[in-house]
Amino acid sequence: MQALVLAGGEGTRLRPLTRTVPKPVMPLAGRPFLTFMLDWLRGHGVDEVILSCGFLSDGVHRVLGDIYQGVRLRYVTEPEPLGTAGPVRLALDEGLLEERLLVLNGDVLTDMDLSAELDAHRRAGASATLALTAVEDTSSYGVVPTDERGWVEAFLEKSPGPAPTNRINAGAYVLQRSVVEDIIPAGRPVSFEREVFPSLIGHGLHGWPAEGYWVDIGTPERYLEATYDLLSGRPKSALPPRDETGSLIGAGCLTAGAHIGPQSVLGAHCSVGSDSAVERSVLHDGVVVGADCEIRESVLAERVQVGQGARVEPGALVGANARVAPRGLVEAGARVEPGEKVG
Ligand code: GTP
């Protein structure tokens, strides 16, 4: 089975973290995000994944290579961003697509039953099937009402106000190659959500109600939510055991005398000074925190340095190589650009 993973977006909502690392390979619970997705795909019989890259594409290839646990990885790189559907057309034009394929947004952490989605697609004789997951607040997603047999009736992309259903587009599709050939134009950006799916309504567009865990890690809040969920074991993953505070400390970290946890992740080779507290926070590789610091509910990208006695308040995102001065303050919700100095 073949899958194409959309991995070329700029990830603007996760800036400044995505200024230096593309979202698909950003560390999540200490591992490149896409490795969770590749484990999941492999578990459903996928043996070839086309990674559709654009923004910072070298970063994706460098991290994942050409084979992952027996799954062959191929790369298609766009000279210009082609949106969500344009890259699938490009893969077709490069002669890479099989008769039927899975297409996945590259920022979804889920354990939904893809095999059941494929079965539902075959049984319905659909041209395209969308996994639909239930959420409490639909306002930032594409809402997809279906009739009682599962055929899609409308595609309401990110509309405010009351929605006809709480089922939203989960970014996991089964597509017949004919859809790509007949509906997606070549050579320009095309959006599944705004163009392709609305035009397929009434022409074999099917919805499959997905159960299980699902989160799109594309905002800071949801990136942290996915981190806490993985640490607590839902969804299941191949993470190493967490310590007694539910935290994960990477190789080569120095934390003597520091208070790490609860629910924190330290990447490889971080150091946290004595009497410092790191709570519900994520430190990517090589972060150095001095003594007597407080880091709460924040994300610090690789090689950030935090001087003695400094504070990083909840919701802050600190870009790679930034420096927080001794006794400095990164205020709640702040965004610190890569390399920036904070007093
Ligand atoms: P935001 O800028 O924060 O909205 O993030 P994003 O750029 O990732 O956009 P969005 O979350 O809407 O994208 C959904 C999926 O499609 C993600 O996995 C993106 O990597 C991917 N994607 C978005 N635009 C493109 C594109 O132009 N080309 C490719 N290959 N993938 C894309």
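Residues numbered from 1 in each chain as written. Predicted model: local features only at pLDDT ≥ 70, side-chain atom pairs only at ≥ 80, totals over all residues. Heavy atoms only, no water.

Colleague: Is there a simple way to explain helix 2 (residues 57–64) in this structure?
Modeller: An α-helix turns once per 3.6 residues; consequently, residues spaced three or four apart project the same way. For helix 2, the complete set of buried residues consists of S57, G59, V60 and L64. For helix 2, the angular spread of buried residues about the axis comes to 160°, placing them on one side. Seen from the open side of helix 2, the exposed residues pointing more than 90 degrees away from its buried face are D58 and R62. Residues of helix 2 that are buried sit in contact with helix 1 (33–43), strand 4 (48–53), strand 5 (67–68) and strand 6 (71–77). G65 sits one or two positions beyond helix 2 and adopts a positive phi of about 70°. (Buried < 20%, exposed > 50% of the residue type's maximum accessible area, 1.4 Å probe, protein only. Helix = DSSP H or I, 4+ residues; strand = E, 2+ residues; numbered from the N terminus. Arc of directions from axis to C-beta. Contact = heavy atoms within 4.5 Å.)

Colleague: Would you mind going over the side chain of S276 with me for this structure?
Modeller: Tracing the sequence through the fold places S276 in the loop between strand 18 (271–272) and strand 19 (277–279). By relative accessible area, which is 0% here, S276 ends up buried. Each residue touching S276, except ones within four places of it in the same chain, is listed here: A258, H259, V289, G290, A291, D292 and C293.

Colleague: Just checking my understanding: could you explain the nonpolar core for this structure?
Modeller: Proteins that are soluble and globular tend to have nonpolar side chains buried together. With 61 residues, the main nonpolar core has L28, L41, V49, L104, L109 and M112 as its most contacted residues. Looking at which element gives the most residues to this core, the answer is helix 1, with seven residues. When we break this core down by domain, the ones giving at least three residues each are domain 1 (2–221) and domain 2 (244–342). Setting aside anything within four residues of it in sequence, one finds V49 in contact with A3, V5, L38, L41, V71, R72, L73 and R74. Of all hydrophobic cores here, the second largest spans 31 residues; its members include L6, L92, F192 and V196. (Core = buried A, V, L, I, M, F, W, Y, C linked by side-chain atoms within 4.5 Å. Domains from an automatic or database assignment.)

Colleague: Help me understand the sheet that holds strand 19 in this model?
Modeller: Backbone-to-backbone hydrogen bonds pair the strands of a sheet. The strands run either parallel or antiparallel. One open sheet holds the five strands; their spatial order is 16-19-22-25-28, and the pairing between them is parallel. Edge positions in the open sheet fall to strand 16 (259–260) and strand 28 (329–330), since each of these has one partner strand only. Relative to strand 25 (residues 311–312), strand 22 (residues 294–296) runs parallel, the two being bridged by two bridges. Bridge pairing links I295 to V312 in strand 25. (Pairing = 2+ DSSP bridges.)

Colleague: What is the right way to look at the site of the ligand in this model?
Modeller: Neighbouring residues of the ligand: 19 residues in total, closest L6, T12, R13, E78 and G106. In the environment of the ligand, a nitrogen atom lies 3.1 Å from a nitrogen or oxygen atom belonging to the backbone of G8. Coverage of the ligand by the protein amounts to 84% of the 600 Å² it exposes when considered alone. Broken down by class, the residue content of the shell around the ligand amounts to five nonpolar, nine polar and five charged. (Near = heavy atom within 4 Å. Polar contact = N/O pair within 3.5 Å; in protein donor to acceptor, adjacent residues only side chain to side chain. Areas by Shrake-Rupley, 256 points an atom, 1.4 Å probe, with all protein chains shown as cover. Nonpolar A, V, L, I, M, F, W, Y, C, P; charged D, E, K, R; others polar.)

Colleague: Looking at this structure, how should I read the sheet that holds strand 24 (residues 305–306)?
Modeller: Read from one edge of the open sheet, five strands run 18-21-24-27-30, paired in parallel fashion. Since the sheet does not close on itself, it has two edges, and those belong to strand 18 and strand 30 (341–342), each with one partner. Sheet topology places strand 21 (residues 288–289) next to strand 24; two bridges connect them, and they run parallel. Pairing of V289 across the sheet is with V306, part of strand 24.

Colleague: So what exactly am I meant to see when it comes to the environment of L300 here?
Modeller: Among the secondary structure elements, L300 is positioned in strand 23 (residues 299–300). Between the C-alpha atoms of L300 and E157, which are 143 residues apart in sequence, the distance is 32 Å. Leaving out residues up to four positions away in the same chain, L300 has contacts with V282, L283, H284, V287, I295, V306, V312 and V318.

Colleague: Is there a simple way to think about the domain arrangement of the protein chain in this case?
Modeller: Interfaces are often sized by the amount of accessible area the parts lose when they come together. Along its sequence, the protein chain is organised into domain 1 (2–221) and domain 2 (244–342). Here domain 1 and domain 2 have C-alpha centroids that lie 33 Å from each other. Taken together, the contact between domain 1 and domain 2 spans twelve residues of the former and 14 residues of the latter. Notably, a salt bridge pairs E337 with R19, separated by 2.7 Å at the nearest N-O pair. Our count for the contact surface shared by domain 1 and domain 2 stands at one residue pair in polar contact (both at pLDDT 80 or more). Across the side of domain 1 that touches domain 2, the residue classes break down as eight nonpolar, two polar and two charged. (Salt bridge = Lys/Arg side-chain N within 4 Å of Asp/Glu carboxyl O.)

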